Amino acid sequence: MKYDAQEIQERWKAFWATENVFGFDEHSQAPLYVVDTPPPYVSADHLHAGHIMSYAQAEFIVRYKRMQGFNVYYPMGFDDNGLPTERFIEKKYKVDKSKIDRPEFVKLCLEETKKGAETYRHLWQDLGISVDWNYTYSTIDPHSQKVAQASFIDLYRKGHLYRAEKPVMWCTHCQTTLAQADLEDMKRETDFVHIEVGVEGGGTLVFATTRPELYPSCVGISVHPDDERYKQYIGKVITMPLTNKKLVLTADEKIDPNFGTGVVYYCSSGDAQFLDWETRHPIAEGEKMHILGADGRMNEGAGKYEGQTAQAAKGHVIADLSELGVVKKIEKIEQIVNVHERCDTPIEYVTSKQWFISIAEQKDTWLELGRQVTWHPESRRKDYDNWVNGLNWDWCVSRQRYYGVPIPVWYDKITGEPVLPEPDELPVDPTQYTPKGYRPEDVIPESDVLDTWATSSLTPQIIAGLVKNSAMQTKLYPATLRPNAFEIIRTWDFYSIVRGYYKNGHLPFRNVMISGHGLAGDGRKLSKRLGNYLPSQKLIEKYGADAIRYWATGARLGQNLRFSETEIGMGHKTAVKQYNVARLVSMHLEMTDQVKLEHADTWILQELNATIKGVTAAFEGYAYSRARDILDSFFWSRFTDYYIEFIKYRLFSEDAQSKAAAIQTLRLVFLNVLKMYAPIMPFITEQIYQDLYRDKETAKSIHISNWPQEVANGSLSVQDFSQVLTAVDEIRKYKAQENISLGKELDEYSLQTEVDLTTYGELIQRVGRIKKLS
């Protein structure tokens, strides 16, 4: 029969589900291995090799741990609340959530997320991801909402959560607040406008700005105190053209005198730079002018520019200043701006009343907790440290959206104080429910929802609560493993550490396993926009799951991996080779208890033991790539290229003892090879295990069988067996050079390799097919 990857996949996928092979045992006393796997966005309808790579790499370790005897708890969640889903729905159905009833929009979201979850489930099963589908959650389901809302209340009562009116990062396109973790840097070209202003008592200054549209809200202007060009003007009044506003020139050591003109102006409808400057130069609240509205247009404070977009106002302000003759030059420069990662819209800063979790003042705590995590690889901890060191603001967790976990708060109409629900009322939607002891007319419901990370940062607590056994629940937290790609270290990992510490005073997980990105063959990131990939399902149909998973081992942990048909082809060849070896083994099933090992048997068992030791150590260190390399080397070279060739003549020998030893050794080694390949290539290894070994083994699946241990390898000394390999290679090379078939028998051959012919001569003759060897 020919190797048929699709047929094998369908058979064993069904078997694993029917037999609950990957089921978690809530009552087992075995050591636990708890996996807090990242809940993917169900709106990601274009899954590619990068998704496969990330999830498969973590799953290699999960399967290994299961075979090591751990009671593996491997649930799966779906991140289906929040802005990503809303944006997906708006784009797919061409609707504007601000122009559609909230219940109708939420209904669309729920229907679509259910479809997305099924897409993921089918894909993961086809890929052989060994999730226990008895334990699933979504970040919008009642259980997750209850956990998130209970945590919100706990944070508030402990003083880690507060509500305040202050400038927040705002996306004018998505119409919502953002957290620092929602931002990305974008490079763009812009106008650098040089504007001249007059100084009290005579003289002028020129400042340069990339945001002249904010000019009407200017509240300050500063220079470096040691800048000789401007020292004489510090403390003097500056008159701003166009607005005629009077400002005092201040000194500020953070000004870079070498950038632009060395004069910087600050607008209260500004950016992070203004917020930082304001801490050193306090501005009275009445003097501030916030002229940019939440919709990205200028408000009444902008005067004649009211109603204009920021871009339109920019052009008009420049024109009006030019007419006054104060625009000295306009140059093109490149700048880095913060944009919302979901839509690439440059963020603005608007003043708004929002909910915040305190994080900015506790950097030392977060850094210390980061050091307590075991990072795989350790080098990725620097990404975490860099993020913590760069924190500037507290975490804004309220969002102006429809689809998300409701913030469980009402406000007393008389006092304005927050009203919180009781634990037995959770989960609640304040817009649809009135708290105990109040009438609807007594309270104002909060209409904002939580940032999606405010729920998904609680996945360690969410998954622990999925089990029914209360005693087991306490053992499932903290999680053992947190696997994820490096770009969410700053969000999922960091926020989870914050929430775990505030709740319990310790980490919510022990190990973090960081994967890289899947790349196209040309090195660019796999992207829907570029169209440079096959959808995941097509990949599996074309190459087979085992071959795709084999490719995923091609990069060390934390590194990016290019999609490679050559590497996938190697995975396919490895599966076919296993299948062909299985056919050979199936022809020789007779066994005997007592056998006398020969030199080749002892040698391959020694090599097997070294391989078991190396592969086990690699998996223990989360180095699946090294595990595969060690195993490949043994399987392709020592086992199939040499040992099987060494014993072929014995398999058909009339010497019963020699034949039995060869068969027993062959079966034993191959079983251990299959077990070591099982975490990486689960389908082909299950097929062969069931065909050749199930009747003699107790485990109903290779994936819950015992991980290989070192085996007894007899008492023969084969310290010099490497000379046999060298001798065989010499003969093979000679035949190749002389265009002689490897199977053709030579009358005689004189070896150049020094080898003990008394001990190994017959073996070399048999393998090399030589009548007379000297």
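Here's what I pulled together on the structure shown here. On a predicted model such as this, the values are computed, not experimentally measured, just so you know. (Residues numbered from 1 in each chain as written. Predicted model: local features only at pLDDT ≥ 70, side-chain atom pairs only at ≥ 80, totals over all residues. Heavy atoms only, no water.)

This part is about the sheet that holds strand β18 (residues 410–412). Here we have three strands laid out as an open sheet, ordered β19-β18-β20, and antiparallel in their pairing. Looking at which strands have only one partner, the edges of the open sheet turn out to be β19 (418–419) and β20 (443–445). Pairing between β18 and β19: two bridges, direction antiparallel. Of the residues in β19, the one forming a bridge with Trp410 is Val419. (Pairing = 2+ DSSP bridges. Helix = DSSP H or I, 4+ residues; strand = E, 2+ residues; numbered from the N terminus.)

What follows covers the packing of aromatic side chains. Applying the stated criterion to the full structure yields 45 aromatic pairs. On the basis of an interplanar angle of 35° and a centroid distance of 6.2 Å, the ring pair of Tyr215 and Tyr265 is categorised as tilted. Separated by 50 residues along the polypeptide, Tyr215 in the loop between β8 (204–209) and β9 (218–223) and Tyr265 in strand β12 (residues 263–267) bring together distant segments of the chain. With relative accessibility at 7%, the residue Tyr265 sits in the buried group. (Phe/Tyr/Trp six-rings, centres within 6.5 Å; stacked < 30°, edge-to-face > 60°. Buried < 20%, exposed > 50% of the residue type's maximum accessible area, 1.4 Å probe, protein only.)

The next thing to look at is the pairing of β8. Where strand β7 (residues 183–199) meets β8, six bridges bridge the pair, whose relative direction is antiparallel. Looking at the pairing, Val197 lines up with Leu205 of β8. The turn joining β7 and β8, which pair antiparallel and follow one another in sequence, is formed by four residues; a positive phi near 85° is taken by Gly201.

We now examine helix α21 (residues 722–737). In an α-helix, one turn spans 3.6 residues; hence positions three or four apart end up facing the same way. Across its 16 residues, α21 extends 23 Å between first and last C-alpha, which sits within 8% of the 22 Å expected from 1.5 Å per residue. Within the span of α21, buried status applies to Val724, Leu725, Ala727, Val728, Glu730, Ile731, Arg732 and Lys735. Contacts made by the buried residues of α21 are with α17 (599–620), α18 (624–651), β26 (746–749), α22 (757–768) and β27 (770–773). Where α21 ends, the next residue or the one after it, Asn739, has phi of about 55°, a positive value. (Expected span 1.5 Å × (residues − 1). Contact = heavy atoms within 4.5 Å.)

Residues Phe619, Phe639, Phe646, Phe670 and Phe721 are the most contacted members of the largest nonpolar core, which totals 123 residues. Sorting elements by how many residues they give to this core places α18 first, with 13 residues. Setting aside anything within four residues of it in sequence, one finds Phe619 in contact with Phe60, Ile61, Tyr64, Tyr624, Ala627, Met676, Pro679, Ile680 and Trp707. Formed by 70 residues, the second largest nonpolar core is a distinct cluster that contains Ile140, Ile359, Val467 and Trp492. (Core = buried A, V, L, I, M, F, W, Y, C linked by side-chain atoms within 4.5 Å.)

With 12 residues, helix α20 (residues 682–693) should reach 16 Å at 1.5 Å per residue; the first-to-last C-alpha distance of 15 Å fits that figure. In terms of burial, α20 is largely enclosed, as 11 of its 12 residues are buried. Restricting attention to buried positions, one finds in α20 the residues Pro682, Phe683, Ile684, Thr685, Glu686, Gln687, Ile688, Tyr689, Gln690, Leu692 and Tyr693. Of the surrounding elements, those touching the buried residues of α20 are α1 (5–18), α2 (49–67), α4 (102–127), α15 (545–552), α16 (565–586) and α19 (656–677).

Strand order in this open sheet of four strands is β6-β5-β14-β16, and the pairing throughout is antiparallel. Looking along the sheet, the strands with just one partner apiece sit at the ends: β6 (176–177) and β16 (395–396). One ladder, built from two bridges, connects strand β14 (residues 348–357) with β16; its direction is antiparallel. If you follow Ile357 over to β16, its bridge partner there is Trp395.

One way to put it is that α16 packs onto α19 with a least axis distance of 11 Å and a crossing angle of 155°. Of the possible angle classes, the one that applies to α16 and α19 is roughly antiparallel. As α16 runs across α19, the sense of the crossing is left-handed. Between α16 and α19, the residues in contact are Thr574, Gln578, Val581, Ala582 and Val585 and Leu666, Arg667, Phe670, Leu674 and Tyr677, respectively. Classifying every residue of the contact of α16 with α19 gives seven nonpolar, two polar and one charged. (Axes fitted to C-alpha atoms, helices over the stretch in contact; angles between N-to-C directions. Parallel < 35°, antiparallel > 145°, perpendicular 65-115°, else oblique. Left-handed = near helix turned anticlockwise from the far one by under 90°. Nonpolar A, V, L, I, M, F, W, Y, C, P; charged D, E, K, R; others polar.)

Let's shift gears to unusual backbone geometry. Omega for the bond connecting His376 with Pro377 falls within 30 degrees of zero, at 0°, which places this linkage in the cis form. Tracing the backbone shows Pro377 in the loop between β15 (374–376) and α9 (381–389). Residue Pro427 is reached from Leu426 by a cis peptide bond, and omega for that bond is -5°. Within the fold, Pro427 resides in the loop between β19 and β20.

Now for the pattern of salt bridges. Inspection of every chain in the model, using the stated rule, returns 37 salt bridges. Note that Glu7 and Arg11 form a salt bridge whose closest N and O atoms lie 2.4 Å from each other. With Glu7 and Arg11 both in helix α1 and four residues apart, this pair spans about one turn of that helix. Judged by its relative accessible area of 35%, Arg11 falls in the partly exposed class. A salt bridge links Arg439 to Asp442, with the shortest nitrogen-to-oxygen separation between them at 3.0 Å. Beyond isolated ion pairs, a larger network of salt bridges with shared partners links Glu567, Arg628, Asp629 and Asp632. (Salt bridge = Lys/Arg side-chain N within 4 Å of Asp/Glu carboxyl O.)

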